[in-house]
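Listed below are the residues making up each chain.
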Amino acid sequence: MAAKRCLWESDFQWKARSQFIETWKDHYPEDKLAALSMVWANMKFLSCRYPAKTEEIVSELESKAAISIPDKALRKPKPLIENFRIYEPEEGDESTNNNPVSILNESAQKSKKTISFDDLGVNDKTGLCSCAVVIADKVIAVGEANGKKQAKRNAAENALAILRPRQPVIRVGSRTQQHESAPCVSKTELVSKAYEKAPSISDDNIGNQMLRKMGWTGIGGIGKEGQGRAEPVMAVGTDGKFGLGCDPTQGAKVKKSSVQDTLLSFISGTDREIKFSNELSKEDRALVHKISQQYGLKHRSFGKGDDRYLVVGKD
């Protein structure tokens, strides 16, 4: 029995579906082909969704069939998330981060939407770790893998595959050159801030008392005439295995107060961006990311390995 035109199908929809059926009539039974053609038409004209395997089969059949469809006949899919844009690097731009998790995080941040990657535990049927991508309180996609990290990445890839046809996609080129003009904050500056704000040595401190007995007045540098060093020797704690006089950036962790002071100064200033140098460790950058988010600032890391640095900007 040949496929029949549905009452709700317009002329061009029926014509397109007929072409689909005509192309594959010698490859599938009539009932199965009619079902496949209806799935194809519903996906094409009504933006319907089906299980991934079904969509994959239909899309492959479409790619091998010469079907002419006027652009005006295609219904633009409704966005899954209102006012959500996907910010992706330009194709072939290797200087930017192509990690799907990073793309979703940045897109959510710029679109001012909440995002989370929820650990769903181990799937009893597959024995794989499962993770769900939730944006603006909507579950977008789920991914599975042997480990949690890969499950998260797979979930992000699945989410992007679903979101790309329905949300505006903005291509972002490399901004490395632009960042060269941004003021750069070194790790030495951040570590030094913590020492600058440290409280003065109290009068009852044993070291203070010993210096006074040797003639120090408490004003200026050490020595009877105040001609010596005025500032304490900067040192790292013993857990870092560094002694007095060492480079304070080696093994030192950036303090929260130092990052807060730097960002507050940036907020009140005129610069649109500020760059944190590649001297910062992964933990240091995580701290800057966290505080930047608390202050409502844009924040993103660039580069790879030892060249990775962080840029914070204003809206």
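Residues numbered from 1 in each chain as written. Predicted model: local features only at pLDDT ≥ 70, side-chain atom pairs only at ≥ 80, totals over all residues. Heavy atoms only, no water.

1. Describing the pattern of salt bridges
- Using the criterion set out here, one finds seven salt bridges in the structure.
- The residue R164 makes a salt bridge to E88 at a minimum N-O spacing of 2.8 Å. One end of the pair, R164, is in the loop between α5 (148-163) and β5 (169-172); the other, E88, is in strand β1 (residues 86-89), and 76 residues separate them in sequence.
- We classify R164 as partly exposed; its relative accessible area is 36%.
- The partner of E106 in a salt bridge is K110, and the shortest N-O contact between them spans 2.8 Å. Of this pair, E106 and K110 both sit in helix α4 (residues 100-111), four residues apart, which is roughly one turn of the helix.
- Residue E106 is classed as buried on the basis of its relative accessible area of 11%.
- Exposure remark for K110: the relative accessible area of 32% places this residue in the partly exposed category. (Salt bridge = Lys/Arg side-chain N within 4 Å of Asp/Glu carboxyl O. Helix = DSSP H or I, 4+ residues; strand = E, 2+ residues; numbered from the N terminus. Buried < 20%, exposed > 50% of the residue type's maximum accessible area, 1.4 Å probe, protein only.)

2. A look at the sheet that holds strand β3 (residues 129-135)
- With antiparallel pairing, three strands are arranged side by side in an open sheet as β2-β3-β4. Two strands in the sheet have a free side with no partner beyond their single neighbour: β2 (115-122) and β4 (138-145). With direction set aside, neighbouring strand axes in the sheet form an average angle of 25°.
- Strand direction decides the pairing type here: β3 and β4, joined by seven bridges, are antiparallel. What sits directly across from S130, in β4, is E144.
- Lying on the sheet, α4 is in contact with β2 and β3; it crosses β2 at an angle near 140°.
- Packing of α5 onto the sheet brings it into contact with β2, β3 and β4, and relative to β4 it is tilted by some 135°. (Pairing = 2+ DSSP bridges. Axes fitted to C-alpha atoms, helices over the stretch in contact; angles between N-to-C directions. Contact = heavy atoms within 4.5 Å.)

3. Description of the nonpolar core
- One finds F84, L104, F117, V133, I135, I140 and L163 to be the most contacted residues of the largest nonpolar core, which totals 22 residues.
- Put simply, the parts of the chain that give this core at least two residues each are α4, β3, β4 and α5.
- Counting residues per element, this core draws most heavily on α5, which supplies seven residues.
- Among residues more than four places away in sequence, those in contact with V133 are L104, S116, F117, K138, V139, I140, A141, A155, A156 and A159.
- Core analysis: the next-biggest nonpolar cluster, separate from the first, contains 15 residues, V254, V259, F276 and V288 among them. (Core = buried A, V, L, I, M, F, W, Y, C linked by side-chain atoms within 4.5 Å.)

4. What about helix α2 (residues 30-46)?
- In a regular helix each residue adds 1.5 Å, so 17 residues correspond to 24 Å; α2 covers 23 Å between its end C-alpha atoms and thus fits that length.
- Every buried residue of α2 is accounted for by L33, L36, S37, M38, V39, W40, A41, N42 and F45.
- Those residues of α2 that are buried are in contact with α1 (11-24) and α3 (52-63). (Expected span 1.5 Å × (residues − 1).)

5. Regarding the confidence of the model for the protein chain
- For the protein chain, per-residue confidence averages 79 on the pLDDT scale, and 77% of positions sit at 70 or higher.
- Per-residue pLDDT stays below 50 along residues 236-240; that stretch engages in nine contacts with residues further than four places along the chain or on separate chains. (pLDDT = per-residue confidence, 0-100.)

6. Here's the deal with a nonpolar patch on the surface
- A surface patch of nonpolar side chains, about 270 Å² in accessible area, is lined by L120, V139 and V142.
- Looking at where V142 falls in the secondary structure, it is placed in strand β4.
- Judged by its relative accessible area of 39%, V142 is partly exposed. (Patch = residues over 30% accessible without salt bridge, like charges linked within 9 Å, V, L, I, M, F, W, Y side chains within 5 Å. Areas by Shrake-Rupley, 256 points an atom, 1.4 Å probe, with all protein chains shown as cover.)

7. Some remarks on the packing of aromatic side chains
- Under the counting rule described, the total for this entry stands at two aromatic pairs.
- Seen from their ring centres, F20 and W40 are 5.4 Å apart, and the 20° between their planes marks the pair as stacked. Separated by 20 residues along the polypeptide, F20 in helix α1 and W40 in helix α2 bring together distant segments of the chain. The same class applies to F20 as to W40, namely buried.
- Between F302 and Y309, the aromatic rings sit 5.8 Å apart at their centres with planes inclined by 25°, giving stacked as the arrangement.
- Residue classification places F302 among the buried residues on the basis of a relative accessible area of 6%.
- Owing to a relative accessible area of 9%, Y309 belongs among the buried residues under this scheme.
- When the ring centre of F117 is taken as reference, the NZ or CZ atom of K152 above it lies at 4.9 Å.
- A cation over an aromatic ring shows up here: K314 above the ring of F266, its NZ or CZ 4.8 Å from the ring centre. (Phe/Tyr/Trp six-rings, centres within 6.5 Å; stacked < 30°, edge-to-face > 60°. Lys NZ or Arg CZ within 6 Å of the ring centre and 35° of its normal.)

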